[in-house]
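# Working through the structure, step by step
Here is how the chains run, residue by residue.
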Amino acid sequence: MLNLFAHPKHIFFVLFVCFIAFSVWIYTIPLFSPSQYSEKELHLVAEGRLVWQKYNCHTCHQLYGLGGYLGPDLTNVYSRSGNNEHYIRGIVKSGVKQMPAFEISEDEMKVLLLFLKNVDQSGTSNPQDYQPEILGTFSLEKK
Ligand code: HEC
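Keep in mind it's a predicted model, so treat the numbers as computed, not measured.

A few words now on the confidence of the model for the protein. Where the model shows low pLDDT, its predicted coordinates should not be examined in detail. Averaged over the protein, the pLDDT score is 88; the fraction of residues at 70 or greater is 91%. Mean pLDDT across the elements of the protein bottoms out in strand S4 (residues 138-142) (69) and peaks in helix H4 (residues 85-94) (96).

Counted as a void, the second largest pocket has a volume near 540 Å³. As for the second largest pocket, its lining consists of 27 residues, and the residues nearest its centre are His61, Leu74, Ile91, Val96 and Met99. Secondary-structure elements contributing two or more residues to the lining of the second largest pocket are helix H3 (77-80), H4 and helix H5 (106-122). Top contributing element to the lining of the second largest pocket by residue count: H4, with 4 residues. Each residue belonging to the lining of the second largest pocket can be placed in one class, and the counts come to 19 nonpolar, 6 polar and 2 charged.

Moving on to the UniProt feature "domain: Cytochrome c" (unreviewed entry) in the protein. Under the UniProt annotation, "domain: Cytochrome c" (unreviewed entry) lies at residues 43-120. For residues 43-120, the helix share is 53%, the strand share is 5%, and the end-to-end C-alpha distance is 17 Å.

Turning to the site of the ligand, a few remarks are in order. Not every one of the 22 residues close to the ligand is listed here, only the nearest: Cys57, Cys60, His61, Tyr87 and Met99. In this structure, an oxygen atom belonging to the ligand sits 2.7 Å away from a side-chain N or O atom of Arg80. Contact between the ligand and Tyr87: an oxygen atom at 2.3 Å from a side-chain N or O atom of the residue. Elements supplying a minimum of two residues to the shell around the ligand: H3 and H4. No other element matches H4, which puts 3 residues into the shell around the ligand. Split by residue class, the shell around the ligand holds 15 nonpolar, 5 polar and 2 charged.

So, how was this worked out
Residues numbered from 1 in each chain as written. Predicted model: local features only at pLDDT ≥ 70, side-chain atom pairs only at ≥ 80, totals over all residues. Heavy atoms only, no water. pLDDT = per-residue confidence, 0-100. Helix = DSSP H or I, 4+ residues; strand = E, 2+ residues; numbered from the N terminus. 1 Å grid on protein atoms, 1.4 Å probe; cavity = no way out; pocket = protein on both sides within 12 Å on 5 of 7 lines; lining within 4 Å. Points joined across faces, edges and corners; volume = space filled by probe spheres on them. Nonpolar A, V, L, I, M, F, W, Y, C, P; charged D, E, K, R; others polar. UniProt positions renumbered as here; feature names shortened; annotations may be inferred. Near = heavy atom within 4 Å. Polar contact = N/O pair within 3.5 Å; in protein donor to acceptor, adjacent residues only side chain to side chain.

This is how it looks when you write it as structure tokens:
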């Protein structure tokens, strides 16, 4: 019988085949689960992210625990406010405590709200709530 580990060349060959097989397997796993958003909505969500960046919301707020620390984490502010867009609108337009009022157009506000809604649905701010997977990613199932 052929002993695959008899010679260093064989070990290299076995590892090489494993590497190729693993690479093929890893690239065939879809990166994202199918989105509930249409292409057009995803485009608007992306625009909302640009509004988030344009007004520097991230300098004071975190998303998924990352960002500035003057204000609270806003990953789940959408559901925390009971899906109340008026609450978020009110705060952005009028400001609160150290947060200045923003002169933001209606179009920008709409996509910003869509962005915050999308972020909210993508997970929670605390990554420790999630189950790490064997490949180093996190499962969307909570622990
Ligand atoms: C200069 C810092 C600063 C910037 C910039 C800023 N915020 Fe804030 N924001 C705050 C602070 C501080 C609070 C919390 C006030 C309090 O304690 O009630 C807050 C609160 C909020 C809340 C309410 C959070 C909650 O849990 O109820 C929302 C929503 C919000 N900000 C959205 C935004 C958005 C959207 C932007 C960008 C357009 C933004 N903020 C930019 C400082 C900032």
